[in-house]
Amino acid sequence: MNLFAEIRTLVTDSLTALVAEGALPSGLDFAAVAVEPPRDPSHGDMATNAAMVLAKPAGMQPRAIAEALAAKLSLDARVTGVEVAGPGFLNLRLAANVWQGVVKAALTEGLEFGRSMMGGGRKVNVEFVSANPTGPMHVGHVRGAVVGDALARLLDFAGWNVTREYYINDGGAQVDVLARSAYERYREANGLEPEIREGLYPGDYLIPVGEALKAKYGASLLDKGEEVWLADIREIASELMMDEIRGDLAALNVKMDVYSSEKALYGTGQIEAAIQALRDMGLIYEGTLEPPKGKTLDDWEPRVQTLFRSTAHGDDVDRPVMKSDGAWTYFAPDIAYHYNKVQRGFDELIDIFGADHGGYVKRMKAAVSALSGGKVPLDIKLVQLVKLYKNGEPFKMSKRAGTFVTLRDVVEQAGADVTRFMMLTRKNDVTLDFDFAKVLEQSKDNPVFYVQYANARINSVLRKSREAGIDCGDAALAKADLAILSHPAEIQMAQKLAEWPRLVEIAAKGNEPHRIAFYLYELASEFHALWNKGNDDPSLRFVQDGNAATSAAKIALARATGVVISAGLGILGVTPVEEMR
RNA sequence: GGCUCCGUAGCUCAGCCGGAUAGAGCGACGGUUUCCUAAACCGUAGGCCGCGUGUUCGAAUCACGCCGGGGUCACCA
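- Going by an unreviewed UniProt entry, chain A carries the name Arginine--tRNA ligase and comes from Cypionkella aquatica.
- For the record of chain A, the UniProt heading Subunit (unreviewed entry) holds the text "Monomer."

Here's what the structure looks like:
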């Protein structure tokens with residue numbers, strides 16, 4: 001149930017009726033008509049801009065349209081007041097039972113309350129994390145992992161058919177470096193001194209890999225050159241690193257549906273086929289790029305390369321797909337990979353990248369635009385840096401690698417739920433400060449705690465009510481006489497609940513999971529306020545001694561709030577806390 | 001220099017597919033506890049929404065140009 005959508009339908013139906021009566025000219029487009037919560041509560045419960053957006057196309061004064069529409073709307077039983085205000089807004093007041101109905105809907109629909117059909121079952125692929133399989137995930141990956149996973153959950157809730165996908169970059173030089181690094185650990189496992197040369201990965205997470213290699217090969221590779229072992233060790237080491245990464249993701253409560261391998265694209269003709277497809281469109285040519293303007297590169301020299309004419313699809317310069325030695329650039333398999341996603345039938349693609357990949361956005365969009373004939377939109381979300389602090393001081397440490405803070409470090413210190421919520425308290429394109437001390441603080445300065453505390457209070461009410469012998473099942477509460485919820489503070493709470501389905505759609509439309517976190521904070525704030533009003537006015541307390549009917553109605557309101565908090569936390573991938581003693 | 005993100009209260013940030021008197025938390029000041037968890041709540045103070053021009057009935061929001069800060073910039077992935 002989405003009350004705003006229902007009232008918007010009422011508005012557009014009324015407009016259609018006015019057209020039929022000749023009060024409005026025919027052929028008007030109602031797409032721009034919006035029904036929204038007004039910023040100022042004194043402006044009523046809902047406001048519509050219908051008269052203003054239609055004034056010009058209808059060739060009428062906004063006020064004339066507004067008055068005609070007001071007359072129509074006031075005939076509806078749900079509408080108790082309509083007034084024309086400001087430049088032509090129509091402010092609506094709705095009957096109390098409309099808001100009480102929202103409480104009932106939340107109880108009967110449960111965690112499905114707010115689920116939307118907006119996605120229409122369209123297939124969307126969300127690619128995120130895609131960290132190189134050369135070591136454990138570090139803090140830089142955490143935000144992308146959380147944003148991607150929460151976005152996937154959000155889109156699922158809003159009616160999309162979602163696939164979460166990880167692209168394993170196991171085809172380039174970095175996995176050779178991994179293999180050489182692992183070989184040194186293999187020598188170490190055999191009692192020799194490892195030579196961790198400049199450019200190799202020094203982290204001690206490769207020690208177990210060395211052990212595993214010793215278990216498999218004994219001492220047989222010690223006197224061999226890398227032409228003998230490189231390919232095999234590359235394979236084994238990157239497999240083990242992916243196990244590590246899967247474990248890291250699990251620790252963050254992130255699950256992938258599909259892992260795709262870059263290496264698997266080589267030798268199958270997929271890269272050649274993708275490039276050929278572009279060539280057939282006349283988008284591949286041999287040429288020489290200009291040096292970047294304004295930036296002097298000492299080692300720049302003109303080179304003939306195989307280039308993708310990405311400028312034909314919005315990029316600023318054309319991009320090389322093949323090196324001068326004839327090997328593919330990183331971009332080529334990435335084109336093939338995205339082509340593969342298009343061919344698998346996804347209607348929409350989303351990539352979550354770190355902000356350092358900002359320069360990659362236009363060329364990737366150009367490739368997808370070309371290869372899908374402009375039919376598959378690619379949205380790329382860049383997540384900005386996370387800066388770590390502890391008590392306001394910049395924080396650097398790692399138990400495991402010496403050089404970087406790992407995902408495990410963060411999860412062990414802060415917990416998966418807190419980490420996830422905090423990563424969503426900023427929109428993706430703003431840098432985020434993460435203070436290990438602050439995120440564990442139990443105060444309203446900490447939004448995770450604040451929301452969880454509201455949920456704990458709700459559960460406390462339910463516990464006590466059950467002890468008092470009241471049936472607190474959702475079905476029973478839904479049958480309560482909700483007309484009892486007539487106090488303005490209670491109506492206001494119900495109004496906040498009514499915004500939930502609308503918010504889900506707004507967040508999904510913009511691929512903006514952070515909006516869920518902000519809404520939950522506001523919802524918790526409304527609840528805490530209502531809770532405290534019970535101090536001054538005992539009639540606002542949820543449990544009313546000796547009056548089962550009144551208690552049931554008020555508990556229903558609390559429970560409905562709890563349902564929405566749980567549903568919202570579910571989208572964020574955060575487990576609701578029942579009790580916080 | 002190109003591209004890109006950011007610039008809103010003392011601080012950290014929401015709001016931005018145009019809408020009414022621009023919001024929240026922290027910090028400051030002042031209140032609330034016989035009560036279902038005060039781990040909370042209520043109130044006061046605090047703003048050329050970086051600057052300018054344009055579009056519009058209407059701009060924090062859209063366009064263009066500046067200023068300031070971050071990221072990034074050919075055969076690395």
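### A few points about the environment of Ala548
Working step 1: Looking at where Ala548 falls in the secondary structure, it is placed in helix H18 (residues 548–572).
Working step 2: As for Ala548 and Ala468, which are separated by 80 residues in sequence, their C-alpha atoms are 9.6 Å apart.

### Details of the domain arrangement of chain A
Working step 1: As far as domains go, chain A holds domain 1 (3–94), domain 2 (100–115 + 443–572) and domain 3 (173–251).
Working step 2: Between the C-alpha centres of domain 1 and domain 3 the distance comes to 68 Å.

### Focus: the nonpolar core
Working step 1: Ranked by internal contacts, the top residues of the largest apolar core, which has 134 residues, are Leu15, Val103, Phe434 and Trp500.
Working step 2: With 13 residues, the top contributor of residues to this core is H18.
Working step 3: Discounting residues that sit within four places of it in the chain, Phe434 has contacts with Val386, Lys387, Leu388, Tyr389, Val410, Ala414, Thr419, Met422, Met423 and Val439.
Working step 4: Among the nonpolar cores identified, the runner-up in size contains 33 residues, and Leu265, Ala332, Phe346 and Val368 belong to it.

### A short note on the layout of surface pockets
Working step 1: The space that makes up the largest pocket amounts to roughly 1,100 Å³.
Working step 2: Every residue lining the largest pocket is counted, 46 residues in all, and those nearest its centre are His138, Gly140, His141, Gly354 and Asp356.
Working step 3: At the level of elements, helix H5 (139–157), strand S11 (348–354) and strand S13 (386–390) are the ones that each hand at least two residues to the lining of the largest pocket.
Working step 4: Of all the elements, H5 adds the most residues to the lining of the largest pocket, at 6 residues.
Working step 5: Looking at the lining of the largest pocket residue by residue, the classes come out as 25 nonpolar, 15 polar and 6 charged.
Working step 6: What the second largest pocket holds in volume is close to 670 Å³.
Working step 7: What lines the second largest pocket is a set of 22 residues, and nearest its centre among them are Pro37, Pro38, Arg39, Lys496 and Glu499.

### Points about the protein's contact with RNA strand B
Working step 1: Near RNA strand B there are 66 residues, and of these Arg303, Lys323, Ser324, Gln442 and Arg541 occur at the shortest range.
Working step 2: Within 4 Å of the protein, the contacting atoms of RNA strand B are drawn from sugar and phosphate to the extent of 59%.
Working step 3: Lys56 has a polar side-chain atom sitting 3.3 Å from a phosphate oxygen of RNA strand B.
Working step 4: Lys427 is positioned such that a nitrogen or oxygen atom in its side chain is 2.8 Å from a base nitrogen of RNA strand B.
Working step 5: Only helix H2 (50–58), strand S4 (89–94), helix H14 (447–467) and helix H17 (514–536) provide two or more residues apiece to the surface near RNA strand B.

### So, empty space enclosed by the protein
Working step 1: Overall, the coordinates contain 1 cavity of 30 Å³ or more when judged by the stated rule.
Working step 2: Counted as a void, the largest cavity has a volume near 50 Å³.
Working step 3: Every residue along the wall of the largest cavity is listed here: Val147, Met423, Leu424, Arg426, Lys427, Asn428, Asn511, Glu512, Pro513 and His514.
Working step 4: Looking at the lining of the largest cavity residue by residue, the classes come out as 4 nonpolar, 3 polar and 3 charged.

### Observations regarding the UniProt feature "short sequence motif: 'HIGH' region" (unreviewed entry) in chain A
Working step 1: The UniProt entry lists residues 131–141 under the feature "short sequence motif: 'HIGH' region" (unreviewed entry), expressed in the numbering used here.
Working step 2: Along residues 131–141 one finds 27% helix and 0% strand; the C-alpha atoms at either end are 7 Å apart.

### With respect to the side chain of Asn455
Working step 1: Mapping Asn455 onto the fold places it in helix H14.
Working step 2: Among residues more than four places away in sequence, those in contact with Asn455 are Gly562, Ile565, Ser566, Pro576 and Val577.

### Concerning the packing of aromatic side chains
Each aromatic ring pair is specified by the distance between its two centres and by the angle formed by the two planes.
Working step 1: Applying the stated criterion across every chain yields a total of 16 aromatic pairs.
Working step 2: Taking 5.3 Å as the distance between ring centres and 35 degrees as the angle between the ring planes, the aromatic pair formed by Tyr166 and Tyr259 counts as tilted. Placement of the pair is Tyr166 in strand S6 (residues 161–168) and Tyr259 in strand S7 (residues 258–261), with a sequence separation of 93 residues.
Working step 3: Residue class for Tyr259 comes out partly exposed when judged on its relative accessible area of 28%.
Working step 4: Taken together, the aromatic side chains of Phe308, Tyr330, Phe331 and Tyr360 make up a single cluster linked through ring pairs.
Working step 5: Between the NZ or CZ atom of Lys123 and the centre of the ring of Phe346, over which it lies, the distance is 4.9 Å.

### Observations concerning the pairing of strand S5 (residues 123–127)
If a strand is regular, its side chains alternate between the two faces of the sheet.
Working step 1: Counting buried positions over the 5 residues of S5 gives 4, a clear majority of the element.
Working step 2: Each parallel crossover has a hand, and the one from S5 via H5 to S6 is right-handed.
Working step 3: Pairing between S5 and S11: 4 bridges, direction parallel. For Glu127, the partnering residue across the bridge sits in S11 and is Asp351.

### Quick word on the sheet that holds strand S9 (residues 304–308)
Working step 1: One open sheet holds the 3 strands; their spatial order is S8-S9-S10, and the pairing between them is antiparallel. Strand pairing shows two members of the sheet lacking a second neighbour, strand S8 (284–288) and strand S10 (319–322), which therefore form its edges. Looking at each pair of strands side by side, their axes are set apart by 55 degrees on average, direction ignored.
Working step 2: Across 5 bridges, the pairing between S8 and S9 is antiparallel. Bridging across to S9, Thr288 finds its partner in Val304.
Working step 3: Strand contacts of helix H9 (residues 270–280): S8, S9 and S10, with the helix running at about 85 degrees to S8, the strand carrying the most contacts.
Working step 4: Lying on the sheet, helix H10 (residues 331–343) is in contact with S9 and S10; it crosses S10 at an angle near 90 degrees.

Here is what the cut-offs are and how they apply
For every chain, the first residue of the written sequence is number 1, and numbering continues from 1 onward in sequence order. Chain letters start at A and ligand numbers start at 1, both assigned in the order the entries are written. Owing to the predicted nature of the model, reporting of local features is limited to residues with pLDDT of at least 70; listing and counting of side-chain atom pairs is limited to 80 or more, with chain, interface and lining totals taken over all residues. Side-chain measures here rest on the full set of heavy atoms in the structure, leaving out hydrogens and waters. UniProt positions are given in the numbering used here, feature names are shortened, and annotations may be inferred rather than shown by experiment. Secondary structure elements follow DSSP: runs of H or I no shorter than four residues count as helices, runs of E no shorter than two count as strands, and numbering proceeds from the N terminus. What fixes the domain bounds is an automatic or database domain assignment. By nonpolar core we mean a set of buried residues, namely Ala, Val, Leu, Ile, Met, Phe, Trp, Tyr and Cys, connected to one another through side-chain atoms within 4.5 Å. Note on exposure labels: buried denotes an accessible area under 20% of the residue type's maximum, exposed denotes more than 50%, and partly exposed covers the range between, all computed with a 1.4 Å probe on protein chains only. It only takes one pair of heavy atoms within 4.5 Å for two residues to be counted as in contact. Cavities and pockets were defined on a 1 Å grid built from protein atoms only: a cavity is a group of points that admits a 1.4 Å probe but offers it no way out, a pocket is an open group of points flanked by protein on both sides within 12 Å along at least five of seven lines, and a lining residue is one with an atom within 4 Å of any such point. Grid points are joined across faces, edges and corners, and a volume is the space filled by probe spheres set on the points. All residues other than Ala, Val, Leu, Ile, Met, Phe, Trp, Tyr, Cys, Pro, Asp, Glu, Lys and Arg, Gly among them, are scored as polar; the first ten of these are nonpolar and the last four charged. In this text, near means that some heavy atom of the residue lies within 4 Å of the molecule or strand in question. Side-chain atoms alone can form a polar contact between residues adjacent in sequence; in general such a contact is a pair of N or O atoms within 3.5 Å, and within protein one must be able to donate a hydrogen while the other accepts it. Only centres within 6.5 Å qualify two rings of Phe, Tyr or Trp (six-membered ring in Trp) as a pair; their planes then separate them into stacked at under 30 degrees, edge-to-face at over 60, and tilted for everything else. Charge over a ring is defined by NZ of Lys or CZ of Arg lying within 6 Å of the ring centre and within 35 degrees of the ring normal. A clockwise path from the first strand over the helix to the second, with the strands pointing away from the viewer, defines a right-handed crossover. Following DSSP output, two strands are said to pair if at least two bridges run between them. Note on geometry: axes are lines fitted to C-alpha atoms, helical ones only across the stretch in contact, with angles between N-to-C directions running from 0 to 180 degrees.

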